[in-house]
Amino acid sequence: MKQNEMSVIDHIAELRKRLIITVLFLFLAVIAGFLLAKPIIIYLQHTNEAQSLTLNSFRMTDPLMVYMQFAFIIAFIITSPIILYQLWAFVSPGLYEKERRVTLSYIPISIGLFLAGISFSYFLLFPFVVDFMARMSNDLEINQVIGINEYFQFLIQLTVPFGLLFQLPVVIMFLTRLGIVTPMFLVKIRKYAYFILLVIAALITPPEIVSHLMVSVPLFILYEISIVVSRFAYRKAQRTQFEEANKEG
């Protein structure tokens, strides 16, 4: 059964509590990010993709910018389980007991999908894009002089969005359990969703058909997986509501 209804003041107090916890953990994670940023940046500079390029600092502040970006990205990744748990803790009082247990399991799944998205982009897409750009430069007889800030910004812009996009099945499952979306709705808007995913793929890939397909096809598959997941979650939600209604009756 659902917990007792909370007043607006109670909701505000609960939200404030969750935000304070999140900020405290984020502060600690930023400290850890500053400690971990240096070895990660050095490691990435010795990968095959980076070694094929000559990375330069065009401004005095470029190394600092790279260092700060990685420190905060690392902090966000470390804090993400806490953020997700605090979000779950805030909305869980409005869920049934079974729904609370099920939605809590979304947190490790979400983290796993985020890491899978980053891995897919870094190990498969990023090397292909770097090779494509190098071949284009050679064909045009252009000598590439790459700024280290631009290199890492390009790397981040290509990998982090994939980590977020791979959250689609979990987000859809969560919204379905909350009754915000249904699998029927997702099927109805499929062609519009595909168009949006095509636009997203075009924004994060170079103007080349193979790399565009390497991005758009996995996104289409993710959307179809989201529909299947939504159907499963929808049936579970309907069954839970029916069981709880019988208990209350």
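Just so you know, these numbers come straight off a predicted model, no measurement behind them. (Residues numbered from 1 in each chain as written. Predicted model: local features only at pLDDT ≥ 70, side-chain atom pairs only at ≥ 80, totals over all residues. Heavy atoms only, no water.)

A. Looking closely at the pattern of salt bridges. With the rule as written, the count across this model stands at 4 salt bridges. In this structure, the salt-bridge partner of Arg135 is Asp131, at a minimum N-O distance of 2.9 Å. Pair noted here: Arg135 and Asp131 are both in helix H5 (residues 106-139), with a separation of 4 residues, about one helical turn. The partly exposed category is assigned to Asp131, whose relative accessible area is 40%. For the salt bridge of Glu224 with Arg190, the shortest nitrogen-to-oxygen distance reads 2.9 Å. Taken together, the residues Glu224 in helix H10 (residues 209-248) and Arg190 in helix H9 (residues 190-203) connect sequence positions 34 residues apart. In this structure Glu224 comes out as partly exposed when scored by relative accessible area, which is 26%. Judged by its relative accessible area of 26%, Arg190 falls in the partly exposed class. (Salt bridge = Lys/Arg side-chain N within 4 Å of Asp/Glu carboxyl O. Helix = DSSP H or I, 4+ residues; strand = E, 2+ residues; numbered from the N terminus. Buried < 20%, exposed > 50% of the residue type's maximum accessible area, 1.4 Å probe, protein only.)

B. Spatial organisation of H5. In this model H5 runs 47 Å from its N-terminal to its C-terminal C-alpha over 34 residues, within 8% of the 50 Å that 1.5 Å per residue would give. In the segment just after H5, Glu141 is the residue with positive phi, at about 55 degrees. (Expected span 1.5 Å × (residues − 1).)

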